[in-house]
Amino acid sequence: MATGHFAFASNTNRFLACEPLADQPFAIAGVPYDGVVTNRPGARFGPQAIRAASLMLCDGIHPVFDVSPAAHLGDALDMRLPNASPLPEVRRAIESQAAALMAKHHCVFLGGDHSVTLSLLRAAKARHGEALACVHFDAHCDTWSDHFGEPSGHGTWTYEALQEGLISPAHTVQIGIRSSGERAAREYVADQGGQIFTARALRGRDGAGLQPVIDAIRARIGQRPCYLTLDIDVLDPAFAPGTGTPEPGGLTSSQVLTLMEELADLHWVGMDCVEVAPAYDHAELTSNAAATFVWTYLSAQVARHLGTRA
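Cut-offs applied
Residues numbered from 1 in each chain as written. Predicted model: local features only at pLDDT ≥ 70, side-chain atom pairs only at ≥ 80, totals over all residues. Heavy atoms only, no water. Helix = DSSP H or I, 4+ residues; strand = E, 2+ residues; numbered from the N terminus. Rg over C-alpha atoms; globule rule 2.2 N^0.38 Å. Buried < 20%, exposed > 50% of the residue type's maximum accessible area, 1.4 Å probe, protein only. Lys, Arg positive; Asp, Glu negative; His and termini not counted. Charge placed at Lys NZ, Arg CZ, Asp CG, Glu CD. Axes fitted to C-alpha atoms, helices over the stretch in contact; angles between N-to-C directions. Parallel < 35°, antiparallel > 145°, perpendicular 65-115°, else oblique. Contact = heavy atoms within 4.5 Å. Nonpolar A, V, L, I, M, F, W, Y, C, P; charged D, E, K, R; others polar. Phe/Tyr/Trp six-rings, centres within 6.5 Å; stacked < 30°, edge-to-face > 60°. Pairing = 2+ DSSP bridges. Polar contact = N/O pair within 3.5 Å; in protein donor to acceptor, adjacent residues only side chain to side chain. Salt bridge = Lys/Arg side-chain N within 4 Å of Asp/Glu carboxyl O. Expected span 1.5 Å × (residues − 1). 1 Å grid on protein atoms, 1.4 Å probe; cavity = no way out; pocket = protein on both sides within 12 Å on 5 of 7 lines; lining within 4 Å. Points joined across faces, edges and corners; volume = space filled by probe spheres on them.

(A) Representation of the overall build of the protein chain within the structure. Along the protein chain, the regular secondary structure elements total ten helices and nine strands. The C-alpha atoms of the protein chain give a radius of gyration of 18 Å, which matches the 19 Å a tight globule of 310 residues would have. A principal-axis box enclosing the C-alpha atoms of the protein chain has dimensions of 55 × 45 × 40 Å. When each of the 310 residues of the protein chain is scored for burial, the buried share is 56%. Side-chain charges in the protein chain split into 22 positive and 33 negative, and the spacing between the mean points of these groups amounts to 4 Å.

Structure below.
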């Protein structure tokens, strides 16, 4: 670790204190947009909070994958976005910048509210040429056909992605769903042929207890190119209070890490981590969890890139 990269004395706020993005195979980029949240705003500040928390990961060597992604990672900083413009214009700006990054790098995006994922999926689908598999960690199903009368928002992107053919219904898995909502929205993914593991179904299951879930997800997705979207509110507010729409009864950090570690052999093509709202955090619990999830994903993918893990 270079001198001055301690979390309390940082000379940079790039993820893991990595170098600016150049020709590294992996890229981090922030998507600082929260213009369509339905409760508490502030997720536009999530990217910087996650980066700051990542500096506490010291040398970055992951205990499961035995690599540090830092030397293989570049930070593109935050996208330049028209935050006061209508959502379609913002989404076009996100998509074009994401497409340019995806053309050269395996990307992880730091949000921002969950509306940004639709643009990222549009860019990823164009890049890979087929409807993607999708693993979606969230307290909310995000399958409403409108957003409190608005045509689109952070609670509609899954519905829109399925309607547009960006993700394959049969290869879509939702994990941690538990919020209130009408049956048509709650069960939409299952009705389209996907699979939902609610938070209730996962209560008390961790470690070996999650193996049937892991096996079912792996069997369903196979080796189809797969996108990971992780809304930090999948965690119980005890683990992630710093989010705009907290929902009691959620997953633990341990459960999410078990699932991410054991599913590292899927054909991942990108990730986002969204809805971190630092203004509502306590003791940096939420940003630390988000940084650890992103670090875990990157470590697994770097290990595969280097050929040190299948």
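Moving on, there is more to tell.
(B) Focus on the packing of helix H1 (residues 46–54) against helix H10 (residues 285–306). Where H1 contacts H10, the two axes come as close as 8 Å, and the packing angle between them is 75 degrees. By the angle between their axes, H1 is roughly perpendicular relative to H10. Mapping the contact onto sequence places Ala49, Ile50, Ala53 and Ser54 in H1 and Ser287, Asn288, Ala290 and Ala291 in H10. The residue makeup of the contact of H1 with H10, split by class, is five nonpolar, three polar and no charged.

(C) Structural context of the packing of aromatic side chains. Inspection of every chain in the model, using the stated rule, returns two aromatic pairs. Where Trp268 meets Tyr297, the ring centres are 6.3 Å apart and the plane angle is 70 degrees; that geometry is what we call edge-to-face. Taken together, the positions of Trp268 in strand E9 (residues 268–274) and Tyr297 in helix H10 put the pair 29 residues apart, joining distant regions of the chain. By relative accessible area, which is 8% here, Trp268 ends up buried. Here Tyr297 falls in the buried class, since its relative accessible area comes to 3%.

(D) Here's a closer look at the sheet that holds strand E6 (residues 167–177). The nine strands lie next to each other as E1-E3-E2-E4-E9-E8-E5-E6-E7, forming an open sheet whose pairing is parallel. Looking at which strands have only one partner, the edges of the open sheet turn out to be strand E1 (19–20) and strand E7 (195–198). Pairing of strand E4 (residues 106–111) with E9 involves four bridges; the strand directions are parallel. Bridge assignment links Leu110 to a residue of E9, and that residue is Cys273. Together, strand E2 (26–31), E4, strand E5 (132–137), E6, strand E8 (226–231) and E9 form the strand contacts of helix H3 (residues 116–128), whose direction differs from that of E9 by roughly 170 degrees.

(E) Highlighting the side chain of Thr286. Here Thr286 lies in helix H10. For Thr286, the side chain forms a polar contact with the main-chain nitrogen of Gly242, separated by 2.7 Å. Not counting residues up to four positions away in its chain, the partners in contact with Thr286 are Ile232, Phe239, Ala240, Pro241, Gly242, Val276 and Asp281.

(F) Focus on the pattern of salt bridges. Throughout the structure, instances matching the rule amount to nine salt bridges. Among the salt bridges present, the one from Arg218 reaches Asp215, with a minimum N-O distance of 3.8 Å. Separated by three residues within a single helix, Arg218 and Asp215 lie in helix H8 (residues 211–221), roughly one turn from each other. Given the relative accessible area of 39%, Asp215 is considered partly exposed.

(G) Structural context of H10. Compared with an ideal rise of 1.5 Å per residue, which puts 22 residues at 32 Å, H10 spans 31 Å between its outermost C-alpha atoms and is within 8% of the ideal. With 16 of 22 residues buried, H10 lies mostly within the body of the structure. Looking one or two residues past H10, Gly307 carries a phi angle of roughly 80 degrees, positive in sign.

(H) Region of the structure containing empty space enclosed by the protein. All told, the structure shown has one cavity of 30 Å³ or more when counted by the stated rule. Roughly 80 Å³ of internal volume is contained in the largest cavity. Counting residues per element, the ones that place at least two in the lining of the largest cavity are E5, helix H9 (253–262) and H10. Looking at which element gives the most residues to the lining of the largest cavity, the answer is H10, with four residues. Of the residues contributing to the lining of the largest cavity, the split by class is ten nonpolar, two polar and no charged.

Read these as spatial facts, not as claims about activity.
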